[in-house]
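What follows is each chain in one-letter form.
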Amino acid sequence: MEGLNNLFMDATEKEAAILGELILHRFLTKGILKSRFCVLTNKRVYVGGTYFHNTDGAYRIRKGEYTIDVRDITSSGFSTVRFGGVFLLEVLFVILLSILTGFFLLFVQAVDHIYFGLDAIIWNCTILLIIGLVAVPIFFYFSPFRIFVIEYTGGKIAFLSFGYLDDDFRMFQRELFKVKDACLDPSSQRPAPADAANFVG
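Residues numbered from 1 in each chain as written. Predicted model: local features only at pLDDT ≥ 70, side-chain atom pairs only at ≥ 80, totals over all residues. Heavy atoms only, no water.

Turning to the overall build of the chain, a few remarks are in order. Counting its secondary structure elements, the chain contains five helices and seven strands. Expressed as a percentage of the 201 residues in the chain, the buried residues total 35%. For the chain, contacts bridging at least 24 residues in sequence account for 62% of all contacts bridging at least 6. Of the roughly 12,800 Å² that the chain leaves accessible, carbon and sulfur atoms contribute 62%. (Helix = DSSP H or I, 4+ residues; strand = E, 2+ residues; numbered from the N terminus. Buried < 20%, exposed > 50% of the residue type's maximum accessible area, 1.4 Å probe, protein only. Contact = heavy atoms within 4.5 Å. Areas by Shrake-Rupley, 256 points an atom, 1.4 Å probe, with all protein chains shown as cover.)

Written out as structure tokens, the structure reads:
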């Protein structure tokens, strides 16, 4: 991919796998980065865009570029996570919806002269609020976000898995650990002797 080498720390690095190839292409050609990509080379993993970073047991959203040495990676795979900020937004949405419902009923009562009564409006808004506040934690608990995690010495980096196929992640993981194995066993990268290469047996 044109311009890909500009991302690499070392000019001798070779691409091994890419997640989000179209996103990366748009970033390299137009400088637009609205999502995330992950590039694996024979030495490092490069993450760009919006991702989650965990160094103290909690995931925090980050945006930018992050580089991990393949030698430092310990594991990778799928996990699930719940974000407290999302829960708070859902609660605020329920409260706002209940308030707006009350104003809507008052508006209909004033414009269309359909009399509901203030007590009935308050009662309906309260019922809506209670149902919403019960439903939010249930939905929050049973609908965690699915993420792809790369663990390395000192922390974890992750990003949402939607937008990618599971097969793409599995292929990326296979290539990641092939590269890691090669880094741990440099002898596997040595070219075969000429005599051995030409031997037909």
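Let us keep going from here.
Below, the discussion takes up the nonpolar core. Side chains of a nonpolar character, in soluble globular proteins, are inclined to be buried together. If you look at the biggest cluster of nonpolar residues, it comprises 32 residues, and the most contacted ones within it are Val-45 and Ile-150. For this core, the secondary-structure elements that each account for two or more residues are β1 (15–19), α1 (21–30), β2 (36–41), β3 (44–54), β6 (145–152), β7 (155–160) and α4 (166–184). Looking at which element gives the most residues to this core, the answer is α4, with five residues. The residues contacting Ile-150, other than those within four sequence positions of it, are Cys-38, Val-45, Ile-68, Ile-73, Ser-75, Ser-76, Gly-155, Lys-156, Ile-157 and Phe-172. One finds Tyr-59, Val-81, Ile-147 and Leu-160 within the second-largest nonpolar core, a separate group that totals eight residues. (Core = buried A, V, L, I, M, F, W, Y, C linked by side-chain atoms within 4.5 Å.)

The full count for this structure, using the stated rule, is six salt bridges. A salt bridge links Asp-56 to Arg-60; the nearest nitrogen and oxygen atoms lie 2.8 Å apart. (Salt bridge = Lys/Arg side-chain N within 4 Å of Asp/Glu carboxyl O.)

Bringing the packing of aromatic side chains into the picture now. Taken as a whole and assessed by the stated rule, the structure comprises 14 aromatic pairs. With a centroid separation of 4.7 Å and an interplanar angle of 25 degrees, the aromatic rings of Phe-52 and Phe-83 are classed as stacked. One end of the pair, Phe-52, is in strand β3; the other, Phe-83, is in the loop between β5 (73–81) and α2 (84–111), and 31 residues separate them in sequence. The exposure classification of Phe-52 matches that of Phe-83, with both residues buried. Taking the centre distance of 5.0 Å and the plane angle of 90 degrees together, the rings of Tyr-141 and Phe-142 count as edge-to-face. Overall, Tyr-141 belongs to the exposed group, its relative accessible area being 52%. Looking at Phe-142, the relative accessible area reads 62%, which means it is exposed. Taken together, the ring pairs in this structure connect Phe-78, Phe-148, Phe-159, Phe-169 and Phe-172 into an aromatic cluster. Geometry around Phe-78 places Arg-146 over its ring, the cationic atom sitting 3.9 Å from the centre. (Phe/Tyr/Trp six-rings, centres within 6.5 Å; stacked < 30°, edge-to-face > 60°. Lys NZ or Arg CZ within 6 Å of the ring centre and 35° of its normal.)

Mapped onto the secondary structure, Arg-26 falls in helix α1. Its relative accessible area of 40% is what places Arg-26 among the partly exposed residues. Contacts of Arg-26, omitting those with residues within four sequence positions, involve Gly-31 and Ile-32.

As a further point, take a nonpolar patch on the surface. The grouping of Leu-88, Leu-89, Leu-92, Ile-95, Ile-99, Phe-103, Leu-106, Leu-118, Ile-122 and Leu-133 at the surface amounts to a nonpolar patch, some 940 Å² of accessible area in total. Within the residue set of the nonpolar patch, elements represented by two or more residues are α2 and α3 (118–142). Ranked by residues supplied to the nonpolar patch, first place goes to α2 with seven residues. Tracing the backbone shows Leu-133 in helix α3. For Leu-133, a relative accessible area of 38% gives the class partly exposed. (Patch = residues over 30% accessible without salt bridge, like charges linked within 9 Å, V, L, I, M, F, W, Y side chains within 5 Å.)

Mapping Phe-37 onto the fold places it in strand β2. Excluding anything up to four places from it in sequence, Phe-37 contacts Leu-7, Leu-19, Gly-20, Leu-24, Phe-27, Tyr-46, Val-47, Gly-48 and Tyr-164.

Moving on, we get to the side chain of Thr-41. Within the secondary structure layout, Thr-41 lies in strand β2. Excluding anything up to four places from it in sequence, Thr-41 contacts Phe-8, Glu-13, Lys-14, Glu-15, Ala-16, Tyr-46, Val-70 and Val-179.

Right, let's talk about α2 for a bit. Along its 28 residues, α2 runs 40 Å from first to last C-alpha, staying within 8% of the 40 Å computed at 1.5 Å per residue. When α2 is considered as a whole, its buried residues turn out to be Glu-90, Val-91, Val-94, Ser-98, Gly-102, Leu-105, Val-108 and Gln-109. On the buried face of α2, the contacting elements are α3. (Expected span 1.5 Å × (residues − 1).)

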